[in-house]
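Coordinate analysis (summary)
Listed below, chain by chain, are the residues.
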Amino acid sequence: MSDWRSIPCVERHKEFLENLIAILIDCTFESVSRENPVLRWREPGHLQDIINFNLQEESRTQDSLLEIATKVFKYSVKTGHPYFMNQLFSGLDPYGLAGQWLTDVLNCSLYTYEVAPVLTLMESTVITKLLNMFYKEENGASIGDGLFCPGGSFANGTAINLARFWFRKRIQNNKTIPSTNLVLFTSEDAHYSVSKWGNVCDVEIVLVKTDEYGRMDINDLKVNISEEQKKGNYPFCITATAGTTVLGAFDLLIEIADICQEFDMWLHVDAAWGGGLIFSKKHSVLLRGIQRADSILFNPHKLLAVPQQCSLLLTKHKNIFKEAHSKQAPYLFQKDKFYCRDLDVGDKYLQCGRRPDVLKFWFMWQAKGTSGFEKHVDHLMRFSTLFKEEVEKRDGFELVTEPCFINVCFWFVPPSLRVQNTLYDYKKRLNEVAPKLKEKMTKRGSLMINYQPLHEKPNFFRFVIQNSGVDMQDILYVFDELENLGESM
Ligand SMILES: Cc1ncc(COP(=O)(O)O)c(C=O)c1O
């Protein structure tokens with residue numbers, strides 16, 4: 001029977017949905033079991049034989065849909081698995097997942113109070129709480145505002161646009177300065193989205209050198225600012241990073257904030273990765289100075305393991321989102337509404353329709369409490385220190401740089417290179433090790449850990465965790481598995 005109406009009915013869909021939910025619950029536990037592989041690698045041609053991706057004229061039966069769902073799960077990467085350490089997100093938090101499912105049942109878009117009353121108040125609560133935490137004010141609501149963004153890259157772009165808006169309004173005195181004369185400074189280790197959005201906003205991006213730990217070099221920053229001024233350009237923004245993508249470095253926020261103050265520039269802090277440390281009394285010291293930022297990007301879907309995506313842009317400028325973005329579309333934001341129009345938050349956003357990413361975060365926060373997030377973060381910091389100590393202990397493992405955060409970057413030097421490390425082509429051969437090991441682990445499905453080169457450094461592995469289910473056995477497993485896979489190299 002054709003089933004084309006987009007409405008669930010008990011007779012037709014209850015049993016189907018119950019069966020699907022039963023499958024999803026099984027998948028949830030299977031995906032995190034150490035007995036199961038992280039992935040079942042198949043070449044694309046083989047995968048197309050297993051799953052028929054073609055779209056056809058006729059409908060499929062519910063049984064075949066359940067079969068498809070099972071296969072989709074089976075051949076997808078299990079990002080909640082303790083051996084998935086490939087990205088700056090991982091884990092499968094049970095309460096986050098529940099919040100995600102609840103979000104999907106609501107299928108809401110968050111722009112007006114009339115469409116999203118509960119979600120509007122929830123969002124305002126979370127933003128106010130985070131403003132209080134980052135800006136350390138008694139009442140965050142009075143000092144700033146926040147947006148939920150579809151990912152950190154988009155939030156970085158929004159911040160650049162805000163900085164440009166602010167600079168023009170404040171400095172320009174009605175002179176027209178072309179965007180191409182506006183200059184933004186960020187480090188060469190900053191996330192690539194900053195440069196991408198520089199292109200979109202048509203502003204000049206200067207990449208400042210980093211020091212041996214991956215932090216922005218303050219002297220190079222000063223030299224670059226003064227060179228740009230001599231050229232007649234306008235330095236308008238510095239984007240500092242709190243937790244760089246590869247090395248996990250923290251730029252010196254206090255020094256950078258002083259420079260922004262001196263030159264009247266906007267300070268944006270990309271704390272997409274490191275921002276979660278704000279929950280830890282012990283480790284939030286790495287974020288010192290962040291309260292001086294004009295805007296802050298924070299991705300709870302990274303360190304806090306909130307399901308994807310959950311990303312916020314916070315600012316201490318209370319009205320700037322409205323000033324910079326508002327267009328007051330009359331079909332959504334009618335002036336003669338029967339309730340307070342301030343409750344319609346949509347107009348301060350660059351998007352129109354918007355998924356309520358707040359719900360899963362708020363739900364997790366209810367389940368764990370602020371103290372639960374603190375324990376989670378402290379656990380991750382502790383286990384990355386244990387990982388680092390193991391690198392130092394084991395033959396054939398070498399640190400790339402001294403870590404201060406979760407990221408532990410290291411080389412695995414296989415036995416054949418250990419004895420001959422004076423070889424003239426040592427660097428070239430070391431560069432080939434990580435990609436080969438990556439292929440082996442992926443095909444075996446035993447581990448997923450990322451590698452990359454950086455500046456002149458040959459390919460190295462980057463250990464990262466966001467899953468506080470990872471324990472000491474898992475840490476030792478990573479070393480044993482790499483030794484195992486690299487034994488004959
Ligand atoms: C420091 C930093 N900023 C921004 C981003 C971009 O975040 P998203 O992947 O949510 O776009 C990343 C992603 O890894 C990152 O590491």
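Residues numbered from 1 in each chain as written. Predicted model: local features only at pLDDT ≥ 70, side-chain atom pairs only at ≥ 80, totals over all residues.

**Some details on the packing of helix H5 (residues 117-135) against helix H12 (residues 358-393)**
Look at H5 against H12: their axes get within 10 Å of each other, and the N-to-C directions meet at 65 degrees. Here H5 and H12 pass one another in a crossing that is left-handed. For the pair formed by H5 and H12, the contact residues are Leu119, Met122, Glu123 and Val126 on the first element and Val358, Leu359, Phe361 and Trp362 on the second. Per-class residue counts for the contact of H5 with H12 are seven nonpolar, no polar and one charged. (Axes fitted to C-alpha atoms, helices over the stretch in contact; angles between N-to-C directions. Helix = DSSP H or I, 4+ residues; strand = E, 2+ residues; numbered from the N terminus. Left-handed = near helix turned anticlockwise from the far one by under 90°. Contact = placed C-beta atoms within 7 Å. Nonpolar A, V, L, I, M, F, W, Y, C, P; charged D, E, K, R; others polar.)

**Topic: the pairing of strand E2 (residues 145-149)**
When you tally the buried positions in E2, you get five out of five residues, the bulk of the element. Neither face of E2 is exposed, since Asp145, Leu147 and Cys149 on one face and Gly146 and Phe148 on the opposite face are all buried. Here five bridges tie E2 to strand E8 (residues 311-315), and the two strands are oriented antiparallel to one another. Counted as the bridge partner of Phe148 is Leu312 from E8. (Buried ≥ 20, exposed ≤ 12 C-beta atoms within 10 Å, placed from the backbone. Pairing = 2+ DSSP bridges.)

**Some points on the site of the ligand**
Taken together, 15 residues surround the ligand, and among them Gly151, Gly152, Ser153, His191 and Ala272 come closest. Per element, the largest residue contribution to the shell around the ligand is three residues, and it comes from helix H7 (residues 152-171). When its residues are assigned to classes, the shell around the ligand shows three nonpolar, 11 polar and one charged. (Near = placed C-beta within 6 Å.)

**Some remarks on the UniProt feature "modified residue: N6-(pyridoxal phosphate)lysine" (unreviewed entry) in the protein**
Look at the UniProt record and you will see "modified residue: N6-(pyridoxal phosphate)lysine" (unreviewed entry) annotated at Lys302. Mapped onto the secondary structure, Lys302 falls in the loop between strand E7 (295-298) and E8. If we skip the residues at most four places from it in the chain, Lys302 touches Leu88, Phe89, Ala272, Trp273, Gly276 and Gln466. (UniProt positions renumbered as here; feature names shortened; annotations may be inferred.)

**Concerning the sheet that holds strand E9 (residues 397-399)**
The strand order across the open sheet formed by five strands is E1-E11-E12-E10-E9, and the pairing between neighbours is mixed. Two strands in the sheet have a free side with no partner beyond their single neighbour: strand E1 (84-85) and E9. Bridge count between strand E10 (residues 408-412) and strand E12 (residues 457-463): three bridges; the pairing is antiparallel. Bridging across to E12, Val408 finds its partner in Phe463. With respect to the sheet, H12 is in contact with E9, E10 and E12, its orientation differing from that of E10 by roughly 25 degrees. Sheet contacts for helix H14 (residues 426-444): E10, strand E11 (448-454) and E12; angle to E12, the most-contacted strand, approximately 35 degrees.

**Description of unusual backbone geometry**
Going from Gln308 to Gln309, the amide bond is cis rather than trans, its omega being -15 degrees. Structurally, Gln309 can be placed in the loop between E7 and E8. One non-glycine residue, Ala305, lies in the positive phi region at around 60 degrees. With respect to the element layout, Ala305 can be found in the loop between E7 and E8.

**Focus on the environment of Arg341**
Inspection of the secondary structure assignment puts Arg341 in the loop between helix H11 (320-325) and H12. Separated by 229 residues in sequence, Arg341 and Thr112 have C-alpha atoms that sit 8.7 Å apart.

**Looking at the sheet that holds strand E6 (residues 266-271)**
Strand pairing in a sheet relies on backbone hydrogen bonds. The paired strands run either parallel or antiparallel. Read from one edge of the open sheet, seven strands run E2-E8-E7-E6-E5-E3-E4, paired in mixed fashion. Lying at the two open borders of the sheet, with one neighbouring strand each, are E2 and strand E4 (204-208). Within the sheet, the average angular offset between the axes of one strand and its neighbour, ignoring direction, is 20 degrees.

**What to know about the nonpolar core**
Counting residues in hydrophobic clusters, the biggest one holds 120 residues, and the most contacted among them are Phe236, Leu267 and Phe410. At 13 residues, the largest contribution of residues to this core is made by H12. Dropping the residues within four chain positions of it, Phe410 is found in contact with Val391, Phe397, Glu398, Leu399, Val400, Phe460, Phe461 and Phe463. (Core = buried A, V, L, I, M, F, W, Y, C linked by C-beta atoms within 7 Å.)

**As for H5**
Its 19 residues place the ends of H5 27 Å apart at the C-alpha level, agreeing with the 27 Å of an ideal helix rising 1.5 Å per residue. Within the sequence span of H5, burial applies to Leu119, Thr120, Glu123, Val126, Ile127, Leu130, Leu131 and Phe134. On an axial view of H5, the arc spanned by its buried residues comes to 135 degrees, and they lie on one face. Exposed side of H5, more than 90 degrees from the buried face: Pro117, Val118 and Leu121 are the residues found there. One or two residues past the end of H5 sits Lys136, with phi positive at roughly 50 degrees. (Expected span 1.5 Å × (residues − 1). Arc of directions from axis to C-beta.)

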